[in-house]
Amino acid sequence: MNFEIDIEPVGRRIPCSQGDTLLSAAQRAGIVLNATCGGEGVCGRCLVRVMAGQVSPLTFTEEAELGKRVEEGWRLACQTEVCGNVRIHIPPESLATAQRIQTEGHSLPVEINPAVRVVTVNLPPPSLSDPLSDTERIKIALGMPDLVFSLPVLRELANALRINAFAVSVFLNGCSVVGLRPANTAALGLAIDLGTTKLAGYLVDLSTGETLACAGAMNPQIAFGEDVMARISHAISKSDGSEQLRSVIVEALQKLANGLCEQTKRSLLDIADVVIVGNTVMHHLFLGLPVKQLGLSPYIPTVSSALDVPAFEIGFDFAPGAHVLSLPNIAGFIGADHVAMLLGSGMVKSKGVVLGLDIGTNTEFSLIANGRHFSCSTASGPAFEGAHIKYGMRAAPGAIEKVLIYDGKLMLQTIDNQPPIGLCGSGILDLIAQMRKAGYLNSHGALDGSKGTPFIRQGKNGLEFVLVPSLEKEGREIIFDRSDVNEIQLAKSAMRTGVQILLQKAGIDEKDIDSVVIAGAFGSYLDVQSGIDIGMFPKLERERFIQVGNAAGTGARMALLSLGVREQAREMSRRITYIELTSEPSFSSMFARNLLIE
Ligand code: FES
């Protein structure tokens, strides 16, 4: 039997069949819900409210997860089957859209020397006395007898020449024709930062280097699992899992490109070159490469060198001969996005001892000192993306992004000044630092209510800090307890330990770090001083830290514009010494020490 689901606040009515879960029906309709556990019913992130209609009875998992909220119609979308026409409300914290997406980064000067160049020609039209084929005509006009035409280009060639009266701009990549456009059309490039959580796209004029437009979107693979391990698990546990993950990301990137072209009133056929950067798992999923081995020690990628693939083979609809270049990966958990971040932040050219942290769902570290370059990575990010924190969420309207405890008062700032609905990473970091400073938290992570503050109360699981009491209009109660503090201790310790191990390898003392470059979305918004205060970052003066925004996006744009930068990326990836943190003998003891909150 077929039914309809009316989805608010999205304002969409979608078809579904008896037995569909709310999650699967929404996914099919392109409405992306958070689903950290991939629909197993254990993460509680796909929370929706059934406003009207028939759905399946509550499952045992839902009763345990939702408690009293079931009385108000709250359900887990992955556990709730549709049994009739239904109306549901999706709260912002369950919806993987309208998030704040970091597309901006510092820009660095780059010599413009792109892979694609443009030559405009006026060809003599063919006649009975001049019956040369279209390809020969172009070869003669360009003086390039060895010019190569791929099959997709040949399929478009006759039409492109004739609708433009044989006056065309030929896009050339070396000796290969990428496409033919109306005379005097500038070729465009597309740079993509393919993040585990977020996507960023930049449309660039390849002749001037100008970024014409940029846009961000959520990675729709979130619906199949929030972090890379959950995606690997989906890819290997479902027969079509890999293809599902590949096709949704290609579709989302094509949509991102469509939007950029609409915004700039340009044609998709003007996109002649693409550079994409992402972590190694995202890279493999995007290309349809196997990922099982990336989830198992020793985490070996299928390929680590740069790859140049025809865009049509990926499934993109750009210039017929356009190529997609993915920059080199370094190791299983350090991908091309880190290479791009190193290029885009200018770290590779910095003098002295430079530490780089690219904080996302996964955090990558690089230490460049005395001509040597060490890198490592750790899964520190999920807690700061709101995962594993009871009232945690990503940076979206209503997320508490700043916390200040001053003179016994609690001050909160939310994104877009919306009613508070949860805590995002920067707010979580502030909260820990502020509770510690106010004496409400000891160095082991235990809350201390002895100072008689109204913000700390006895909860079901011990003491808890109340950020928002339950009566707050349109919001729900927001509390933070010891288990949340413990999640942050783990993340914070992983970060500091990563840095210490790199320093140990390089034989350098922490105080000798000249500058710390912090990149990534969370890294852009966090309060660096809070990170220093709790011991997540090295104890250095605030002035030595630089926040560079989405440096991976900047690096991808630089590679799009310069063959020299591409070569620099290849050369750098060969020089980096990768350190597997967990195989370091001092890792466990350092990690245990760093759990303490300073
Ligand atoms: S509870 Fe995990 S996706 Fe629903």
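Up top is the structure.
The following refers to the structure shown. (Residues numbered from 1 in each chain as written. Predicted model: local features only at pLDDT ≥ 70, side-chain atom pairs only at ≥ 80, totals over all residues. Heavy atoms only, no water.)

1. What about the pattern of salt bridges?
Phase 1: Here the structure, examined in full by the defined rule, presents 19 salt bridges.
Phase 2: Two residues, Glu464 and Arg457, come together in a salt bridge whose shortest N-O distance is 2.7 Å.
Phase 3: Judged by relative accessible area, Arg457 falls into the partly exposed class, the value being 30%.
Phase 4: Arg570 serves as the salt-bridge partner of Glu567, at 3.7 Å between the closest nitrogen and oxygen. With Glu567 and Arg570 both in helix α16 (residues 563-575) and 3 residues apart, the pair spans about one turn of that helix.
Phase 5: Connected through salt bridges with shared partners, the residues Arg496, Glu510, Lys539 and Glu598 form a single ionic network. (Salt bridge = Lys/Arg side-chain N within 4 Å of Asp/Glu carboxyl O. Buried < 20%, exposed > 50% of the residue type's maximum accessible area, 1.4 Å probe, protein only. Helix = DSSP H or I, 4+ residues; strand = E, 2+ residues; numbered from the N terminus.)

2. With respect to the pairing of strand β18 (residues 372-378)
Phase 1: Of all the 7 residues making up β18, 6 are buried; the element is thus mostly covered by neighbouring parts of the structure.
Phase 2: The pairing of strand β17 (residues 363-369) with β18 spans 7 bridges and is classified as antiparallel. Residue Ile368 lies in a different strand from β18, and its bridge partner there is His373.
Phase 3: Counting the residues between successive antiparallel strands, the hairpin from β17 to β18 contains 2 residues, one of them, Asn370, with a positive phi of roughly 50°.
Phase 4: Pairing geometry for β18 and strand β27 (residues 577-578), over 2 bridges, is parallel. Across the sheet, the residue bridging to Ser375 is Tyr578, located in β27. (Pairing = 2+ DSSP bridges.)

3. Side note on the packing of aromatic side chains
Phase 1: The tally for this structure, following the rule as stated, stands at 6 aromatic pairs.
Phase 2: With centroids separated by 6.0 Å and ring planes inclined at 35°, the aromatic side chains of Phe286 and Phe316 adopt a geometry described as tilted. Within this pair, whereas Phe286 is found in helix α7 (residues 280-287), its partner Phe316 is found in the loop between α8 (311-314) and β15 (323-326), the two being separated by 30 residues in sequence.
Phase 3: Under the relative-accessibility criterion, Phe316 is labelled buried at 6%.
Phase 4: For the ring pair Phe537 and Phe545, a centre distance of 5.8 Å and an interplane angle of 40° mean the geometry is tilted.
Phase 5: Classification of Phe537 as buried rests on a relative accessible area of 0%.
Phase 6: Here Phe545 falls in the buried class, since its relative accessible area comes to 6%. (Phe/Tyr/Trp six-rings, centres within 6.5 Å; stacked < 30°, edge-to-face > 60°.)

4. Examining the environment of Phe374
Phase 1: Counting through the fold element by element, Phe374 comes out in strand β18.
Phase 2: With 308 residues separating them along the chain, Phe374 and Leu66 place their C-alpha atoms 45 Å apart.
Phase 3: Leaving out residues up to four positions away in the same chain, Phe374 has contacts with Phe365, Ser366, Leu367, Leu502, Lys505, Ala506, Thr577 and Ile579. (Contact = heavy atoms within 4.5 Å.)

5. So, the sheet that holds strand β13 (residues 271-278)
Sheets are built from strands that pair by backbone hydrogen bonding, the pairs being arranged parallel or antiparallel.
Phase 1: A sheet is described by the order of its strands in space; here 6 strands give the open sequence β12-β11-β10-β13-β15-β14, paired in mixed fashion. Looking at the sheet topology across the chains shown, the edges are occupied by β12 (211-218) and β14 (307-310). Adjacent strand axes in the sheet meet at a mean angle of 20°, parallel and antiparallel pairs treated alike.
Phase 2: Alignment of β13 against β15, held across 4 bridges, turns out to be parallel. Its bridge partner lying in β15, Asp273 is registered against His323.
Phase 3: In the packing of helix α15 (residues 551-561) onto the sheet, the strands contacted are β10 (188-194), β11 (198-205), β12 and β13, and the crossing angle to β10 comes to about 150°. (Axes fitted to C-alpha atoms, helices over the stretch in contact; angles between N-to-C directions.)

6. Describing helix α11 (residues 425-438)
Phase 1: Taking 1.5 Å per residue as the helical rise, α11 with its 14 residues ought to reach 20 Å, and the 20 Å between its terminal C-alpha atoms agrees with that figure.
Phase 2: Listed as buried for α11 are Gly425, Ser426, Gly427, Ile428, Leu429, Asp430, Leu431, Ile432, Ala433, Gln434 and Met435. (Expected span 1.5 Å × (residues − 1).)

7. A few points about the sheet that holds strand β16 (residues 354-359)
Phase 1: With mixed pairing, the 6 strands of this open sheet are ordered in space as β26-β25-β16-β17-β18-β27. The two strands at the open ends of the sheet, each matched to only one other strand, are β26 (545-549) and β27.
Phase 2: Note that strand β25 (residues 515-519) and β26 share 4 bridges and pair parallel. Of the residues in β26, the one forming a bridge with Ala519 is Gly549.

8. A word on the environment of Ala340
Phase 1: Looking at the secondary structure, you find Ala340 in helix α9 (residues 336-344).
Phase 2: Among the residues examined, Ala340 registers a relative accessible area of 0% and is labelled buried.
Phase 3: For Ala340, the residues in contact, after removing those within four places along its chain, are Val277, Leu327, Ala551, Ala552, Gly555 and Ala556.

9. What about the nonpolar core?
Phase 1: Counting residues in each nonpolar core, the largest one holds 85 residues, and the members touching the most others are Leu190, Leu253, Ile271, Phe286, Phe316, Phe318 and Leu327.
Phase 2: Counting residues per element, this core draws most heavily on helix α6 (residues 241-264), which supplies 9 residues.
Phase 3: Discounting residues that sit within four places of it in the chain, Leu253 has contacts with Ile192, Leu199, Ile276, Phe286 and Phe316.
Phase 4: Among the nonpolar cores identified, the runner-up in size contains 65 residues, and Val466, Leu467, Ile478 and Ile513 belong to it. (Core = buried A, V, L, I, M, F, W, Y, C linked by side-chain atoms within 4.5 Å.)

10. Focus on the packing of helix α12 (residues 482-506) against helix α17 (residues 587-594)
Phase 1: At a minimum axis separation of 8 Å, α12 and α17 run at an interaxial angle of 135°. Classified by the angle between their axes, α12 and α17 sit oblique to one another. Read as a crossing pair, α12 and α17 show a hand that is right-handed. Facing Leu490, Lys492, Ser493, Ala494, Arg496, Thr497, Gln500, Ile501 and Gln504 of α12, the residues of α17 in contact are Phe587, Met590, Phe591 and Asn594.
Phase 2: Grouping the amino acids of the contact of α12 with α17 by side-chain chemistry returns 6 nonpolar, 5 polar and 2 charged. (Parallel < 35°, antiparallel > 145°, perpendicular 65-115°, else oblique. Left-handed = near helix turned anticlockwise from the far one by under 90°. Nonpolar A, V, L, I, M, F, W, Y, C, P; charged D, E, K, R; others polar.)

Nothing here speaks to function; it is geometry throughout.
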